[in-house]
Amino acid sequence: VNPFAYTRVTEVAEAVEAISSDASARFVAGGTNLLDLMKERVEQPSRLLATVSVVA
Amino acid sequence: MQIMLKVNGAVRRLAVEPRTSLLDTLRDHLGLTGTKKGCDHGQCGACTVLVNGTRINSCLALAIMKDGAEITTIEGLAQEGQLHPMQQAFIDQDALQCGYCTPGQICSAVGLIREGRATTPEEVRELMSGNICRCGAYVQIVAAILQAMESEREAGRR
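In this numbering scheme, every chain counts its residues from 1 along its sequence in written order. Chains and ligands are labelled sequentially in the order written, the chains with letters from A and the ligands with numbers from 1. In keeping with the model being predicted, local features are shown solely for residues with a pLDDT of at least 70 and side-chain atom pairs are shown and tallied solely at 80 or more, while totals for entire chains, interfaces and linings include all residues. Note that the side-chain values use all heavy atoms of the structure and ignore hydrogens as well as water.

## Section: the overall build of chain B
Every helix listed is a DSSP run of H or I at least four residues long, and every strand listed is a run of E at least two residues long, numbered separately from the N terminus. The secondary structure content of chain B amounts to five helices and five strands. Counted from the first residue to the last, chain B has its helices and strands arranged as β-β-α-β-β-β-α-α-α-α. Both definitions apply: the radius of gyration is a C-alpha atom measure, and the globule rule equals 2.2 Å times residues to the power 0.38. Its C-alpha atoms give chain B a radius of gyration of 15 Å, within 12% of the compact-globule value 15 Å for 158 residues. Overall size of chain B, expressed as C-alpha extent along the three principal axes, is 45 × 30 × 25 Å. Here chain B, with 158 residues, has 47% of them falling under the buried criterion. Restricting the contact set of chain B to residue pairs at least 6 apart, pairs at least 24 apart contribute 57%. Accessible surface, chain B: about 7700 Å² in total, of which carbon and sulfur atoms supply 46%. With 16 positive and 17 negative side-chain charges, chain B shows a spacing of 4 Å between the two charge centroids. For every residue, the accessible area obtained with a 1.4 Å probe (protein chains only) is divided by the maximum for its type, and the residue is called buried under 20%, exposed over 50%, and partly exposed between those limits. Note on definitions: a residue-residue contact is assigned when non-hydrogen atoms from the two residues lie within 4.5 Å. Here, Shrake-Rupley sampling with a 1.4 Å probe gives the accessible areas, and only protein chains in the shown set may cover a residue. Think of it this way: Lys and Arg go in the positive column, Asp and Glu in the negative one, and His and the chain ends go nowhere. For the purpose of locating charges, the reference atoms are NZ of Lys, CZ of Arg, CG of Asp and CD of Glu.

And the structure:
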């Protein structure tokens, strides 16, 4: 798995801003699909944006 | 990144890289090698642990995603020198051969009972389908889980 930065986002606007400003960032919720793809190097995100605490 | 995990009742503070899986954190950082690494891809269930009471594949969770969570591993199930009823049931029913999948099977089974959805052998089989046993001890594993469910009912803890 490539090294990556990790940020918890808490609001929708913040999440949209974060994903818009970094083309290789990815949202992560549970991670069971994304993390597996990262182990296979199918996905190599620069940053994971954790959405579990986003309030709609 | 600095995180805090409550592992088997003890508060553990540690620094992990964002990419460190919960499984590697437990095994390599905390020395809890009871949790096994089978496929490391979420397909075998050997790495199953309980996070806030819910069973998950610890190989597909990042430790930082579980900051502040309560983790129970196979090492944390026995209380005061007494095996957990599920551990005892696995022994009684001879529910293992090599034992590599057993910590995951037992944690998964404890999570299963907590979910309260399985009542029949068929339901137990279906809801335990994420835990593979290469030795093929499934018949005994199902028997063990049913035994533990029965003993919990008798103890009136449900």
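There is more to say after this.
## Observations concerning the interface of chain A and chain B
Listed as interface residues are 16 residues of chain A and, on the opposing side, twelve residues of chain B. Here chain A and chain B share an interface that buries about 1200 Å² over both sides, 61% of which is from carbon and sulfur atoms. Three residues stand out in chain A for area buried against chain B, namely Tyr6, Leu35 and Lys39 of chain A, and they jointly supply 42% of the buried area on that side. Throughout this description, the term salt bridge denotes a Lys or Arg side-chain nitrogen within 4 Å of a carboxyl oxygen of Asp or Glu. Here chain A is connected to chain B by one salt bridge. One salt bridge in this structure joins Lys39 of chain A and Asp40 of chain B, with 2.9 Å as the shortest N-O distance. The greatest single-element share of the side of chain A that touches chain B, amounting to three residues, is contributed by helix α2 (residues 34-39) of chain A. Following the grouping adopted for this structure description, the nonpolar residues are Ala, Val, Leu, Ile, Met, Phe, Trp, Tyr, Cys and Pro, the charged ones are Asp, Glu, Lys and Arg, and the polar ones are all others, Gly among them. For the side of chain A that touches chain B, the class distribution of residues is eight nonpolar, four polar and four charged. Accessible area that two parts lose when put together, evaluated with a 1.4 Å probe and summed over both, is termed the buried area.

## Re the packing of helix α2 (residues 85-92) of chain B against helix α5 (residues 138-154) of chain B
All names here are of chain B. All axes here are fitted lines through C-alpha atoms, helices being fitted over the stretch that makes contact, and every angle between N-to-C directions spans 0 to 180 degrees. Where α2 meets α5, the axes come as close as 8 Å, and the angle between the chain directions of the two elements is 135 degrees. Looking at the two axes, α2 sits oblique to α5. In this structure, the crossing between α2 and α5 has a hand that is right-handed. Here Pro85, Met86, Ala89, Phe90 and Asp92 of α2 come into contact with α5, specifically with Ile141, Ala144, Ile145, Gln147, Ala148 and Ser151. Of the residues belonging to the contact of α2 with α5, the class tally is eight nonpolar, two polar and one charged. With respect to orientation, any angle under 35 degrees is reported as roughly parallel, any angle over 145 as roughly antiparallel, any angle of 65 to 115 as roughly perpendicular, and every other angle as oblique. Take the far helix as your reference; a near helix turned counterclockwise from it by less than a right angle gives a left-handed crossing, and one turned clockwise gives a right-handed crossing.

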